[in-house]
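Chains, contacts and geometry: an overview
Chain by chain, the residues:
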Amino acid sequence: MDIIIMHQTVARHDAIGNDIEAMFGILSKRWNCLVYAEYKLNKNVIYADENQMETMIGARDSILLYHHSIFWEQGEEILKKAKGKIVFRYHNITPESFFQSYSPFYAAQCRRGREQTKRLIEAYPDAYWLSDSRYNTLDLRGVKQDHLGICAPFHKVEQFLKTKPEESILKGMIEDKKINLLFVGRVSPNKGHLFLLEIMRVFILNYHNNIKLRIVGKFDSGLQSYQELLFQKIRQYRLGHYIEFIGEITDASLSSYYLGSDLFLCASEHEGFCVPILEAQSLGLPILALKSSAVPDTGGRGQVLLDKQAKEFAAAIHVLMDQEEYYHSMQKCGTDNFHKRFTMEQIKHTFEQEIAKITGEQDENSDSNGTSAVYHGRGGTSCTDAERRTDQKRTSGGDCDHSV
């Protein structure tokens, strides 16, 4: 059997590229599997040219595994040629409303992508849809229940845990004695940077200024007006000494920022999954986040999730820094969440179960109720990797029995 994995762009250091790379590694061990893309930026997969791809999808015993995350005109045309089974891997598409004020082009691409989702559902009623999260399935109205699965995205968190942190960064963060907040994600309107600035303004106004927020993530040249607005607000709120945009960095530097921070502060309003939450939790960093989109499900039990009220966020930061027992409990719940639900081995097991459904194979270890194993109970494993977080600021402990 031939399997072709498709996406417009296959990158090396992004969530979808990691997902495709892992799927290719698993599937190519059993079947003839290749990847087709317009933009080939990940060298860890083997690509098919257009002729190879068309030959493969023209076979009736083939599988076309189509990653859907943005409008792709060529992809929709390729799908029409498929004679075998079609599987859509749905990563979600950001609503156009987030970009309307900053980029008409991005807004149009998002609108066309979401319209394309509806067309694909209608055009391929027998296709199987494999979603990253429960939240993402809300976009898939019209897909038959027995044609819908959930499997968290493959990631590289466990490789990341082996990275030696950059000592100079970590040492500096520990010694400055500030409250160190961290957010990781590209600089994009749906990520909630304006609200992060408002939280900082309110905290300093009501409590103290011994605090710093670091934002790690790349800038997008297509969102220049959004970036200008952020820096305008920083000047207006006089936050220049309290906000640091770091941009893209090495894994060693990123590991240091996770380990040296006190809270992962997430104000994102639209996430299809949010892999940085897993990175933070794997290193024992508690999550304080906006109760939005896929964030509550990804973060699991025992993290602090709030509505969009800056005063509530500011108060939560203040209280959590004084409540060590509760803070330690958040650490343990977070590391439990990662180890129980989202290790690569667990995701691989769920993915193989889903592939077995599609191929018609029987997996003797599959769950009797058909629910993805990654989304079962949320408690109780050890938090070994949290020990990598420095004990000079916080230590792990507690349990996840409380409600948040």
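Structure: above.
A brief structural summary.

Quick notes on the rules
Residues numbered from 1 in each chain as written. Predicted model: local features only at pLDDT ≥ 70, side-chain atom pairs only at ≥ 80, totals over all residues. Heavy atoms only, no water. Pairing = 2+ DSSP bridges. Helix = DSSP H or I, 4+ residues; strand = E, 2+ residues; numbered from the N terminus. Axes fitted to C-alpha atoms, helices over the stretch in contact; angles between N-to-C directions. Contact = heavy atoms within 4.5 Å. Left-handed = near helix turned anticlockwise from the far one by under 90°. Nonpolar A, V, L, I, M, F, W, Y, C, P; charged D, E, K, R; others polar. Phe/Tyr/Trp six-rings, centres within 6.5 Å; stacked < 30°, edge-to-face > 60°. Buried < 20%, exposed > 50% of the residue type's maximum accessible area, 1.4 Å probe, protein only. Lys NZ or Arg CZ within 6 Å of the ring centre and 35° of its normal.

By definition, the strands of a sheet pair up through backbone hydrogen bonds, in either a parallel or an antiparallel sense. In space, the six strands of this open sheet follow the order β11-β10-β9-β12-β13-β14, with parallel pairing throughout. Among the strands making up the open sheet, the edge pair consists of β11 (243-245) and β14 (304-306). Each neighbouring strand pair of the sheet contributes to a mean axis angle of 20 degrees, computed without reference to strand direction. Note that strand β9 (residues 179-184) and strand β12 (residues 263-266) share two bridges and pair parallel. Note on β12: the bridge partner recorded for L181 is L263. Lying on the sheet, helix α13 (residues 310-320) is in contact with β9, β10 (211-216), β12, β13 (287-290) and β14; it crosses β13 at an angle near 170 degrees.

In contact at an axis separation of 8 Å, helix α11 (residues 275-282) and helix α14 (residues 324-341) are set at 115 degrees when each is read in the N-to-C sense. For the crossing formed where α11 meets α14, the hand is left-handed. Only G334, T335, N337 and F338 of α14 make contact with α11, whose side of the interface consists of L278, Q281 and S282. Residues that form the contact of α11 with α14 fall into these classes: two nonpolar, five polar and no charged.

So, about the packing of aromatic side chains. Enumeration over the complete set of coordinates arrives at 18 aromatic pairs. On the numbers, 6.2 Å between centres and 70 degrees between planes, the contact of Y90 with W129 is edge-to-face. Highlighted residues: Y90 in strand β6 (residues 85-90) and W129 in strand β7 (residues 128-131), separated in sequence by 39 residues. Among the residues examined, Y90 registers a relative accessible area of 1% and is labelled buried. By relative accessible area, W129 is classed as buried at 1%. Each ring, one from F105 and one from Y106, has its centre 5.8 Å from the other, and the planes form 50 degrees; the classification is tilted. Classification of Y106 by relative accessible area gives partly exposed; the value is 23%. A network of ring pairs unites the aromatic residues Y66, W72, F88, Y90, Y124 and W129 as a single cluster. Of note, R201 hangs over the ring of Y237, and the distance from its end group to the ring centre comes to 5.4 Å.

A few words now on the sheet that holds strand β8 (residues 148-150). Reading across the sheet, the six strands line up as β3-β1-β5-β6-β7-β8 and stay open at both edges, with parallel pairing between neighbours. The two strands at the open ends of the sheet, each matched to only one other strand, are β3 (32-36) and β8. On average, each strand axis in the sheet is inclined to that of its neighbour by 20 degrees, with strand direction left out of account. As defined by bridge partners, β7 adjoins β8 across three bridges and the pair is classed as parallel. By the bridge assignment, S131 is partnered in β8 with I150. Lying on the sheet, helix α1 (residues 15-27) is in contact with β1 (2-6), β3, β5 (63-68) and β6; it crosses β5 at an angle near 165 degrees. Packing of helix α15 (residues 344-359) onto the sheet brings it into contact with β5, β6, β7 and β8, and relative to β7 it is tilted by some 175 degrees.

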